[in-house]
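Fold and contact review
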Amino acid sequence: MKKKIKKKTPWIKVKRKTCLFCQEKIKEISWLDYEIIRKELSERGKILSRRITKTCAKHQRMMTRAIKQARQLGLLSYTSK
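1. Considerations on the overall build of the protein
When helices and strands are counted, the protein shows four helices and zero strands. Secondary structure elements of the protein occur, N-terminal to C-terminal, as α-α-α-α. Burial status across the protein gives 22% buried among its 81 residues. Across the protein, contacts joining residues at least 24 apart in sequence account for 60% of those joining residues at least 6 apart.

Following this line, the structure appears as structure tokens:
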């Protein structure tokens, strides 16, 4: 019996989604930007990962810092209602 040889499929080049903050050339993310911060949170109030939001490491660190500041000041809740 002959073994079946699998043909290698050519890899499809997928365009990666880039950081939205880099595209818009945002240098700093403040805790006052409530609409931007809200998009980076899950339904339960957790900070979404870089894999999901497609932000770069620099902007992800800025985002987490801004979210934590907003939570301390009472603008955002720590958990969902």
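2. Some points on the nonpolar core
Residues Cys-19, Phe-21, Ile-29, Ile-37, Leu-41, Met-62, Met-63, Ala-66, Ile-67, Ala-70 and Leu-76 constitute the largest nonpolar core, which totals eleven residues. Ranked by residues supplied to this core, first place goes to helix H4 (residues 57–73) with five residues. What Cys-19 contacts, discounting residues up to four positions off in sequence, is Lys-54, Thr-55, Cys-56 and His-59.

3. Quick word on H4
Between its first and last C-alpha atoms H4 spans 25 Å; for 17 residues at 1.5 Å apiece the expected length is 24 Å, and the two agree. Next to the buried residues of H4 lie helix H1 (20–23), helix H2 (34–39) and helix H3 (50–53).

4. Considerations on the confidence of the model for the protein
Chain-level pLDDT for the protein is 86 on average; 89% of the residues reach the 70-or-more range. Across the protein, the element-wise mean pLDDT spans from 88 in H2 up to 94 in H4.

5. Brief notes about the side chain of Gln-60
Within the secondary structure, Gln-60 is located in helix H4. Here Gln-60 is in contact with Ile-47, Leu-48, Ser-49, Arg-50, Thr-53 and Thr-55, once residues within four sequence places are set aside.

6. A look at unusual backbone geometry
Excluding glycine, most residues fall at negative phi; most peptide bonds, likewise, are trans. In the Ramachandran plot, Lys-25 falls in the positive-phi region, its phi being about 55 degrees despite a non-glycine side chain. Among the structural elements, Lys-25 can be located in the loop between H1 and H2. Under the relative-accessibility criterion, Lys-25 is labelled exposed at 69%. Phi angles above zero are rare outside glycine, and Lys-54 is one such case at about 60 degrees. With respect to the helices, strands and loops of the structure, Lys-54 is situated in the loop between H3 and H4. Judged by relative accessible area, Lys-54 falls into the partly exposed class, the value being 37%.

Conventions adopted
- All residue numbers here refer to positions counted from 1 along the written sequence of the relevant chain.
- Under the rules for a predicted model, residues below a pLDDT of 70 receive no local features and side-chain atom pairs below 80 are neither given nor counted, while totals for whole chains, interfaces and linings still include all residues.
- Think of the side-chain values as coming from all heavy atoms in the structure, minus any hydrogens and water.
- Counting from the N terminus, the helices are the DSSP runs of H or I reaching at least four residues and the strands are the DSSP runs of E reaching at least two.
- Throughout this description, buried means an accessible area under 20% of the type-specific maximum (1.4 Å probe, protein chains only), exposed means over 50%, and partly exposed covers the range between.
- The contact criterion used throughout is that any non-hydrogen atoms of two residues lie within 4.5 Å.
- Residues enter a nonpolar core if they are buried and are Ala, Val, Leu, Ile, Met, Phe, Trp, Tyr or Cys, with the set joined through side-chain atoms within 4.5 Å.
- The span you would expect from a helix comes to 1.5 Å times its residue count less one.
- A score between 0 and 100, pLDDT records how confident the predictor is in each residue.

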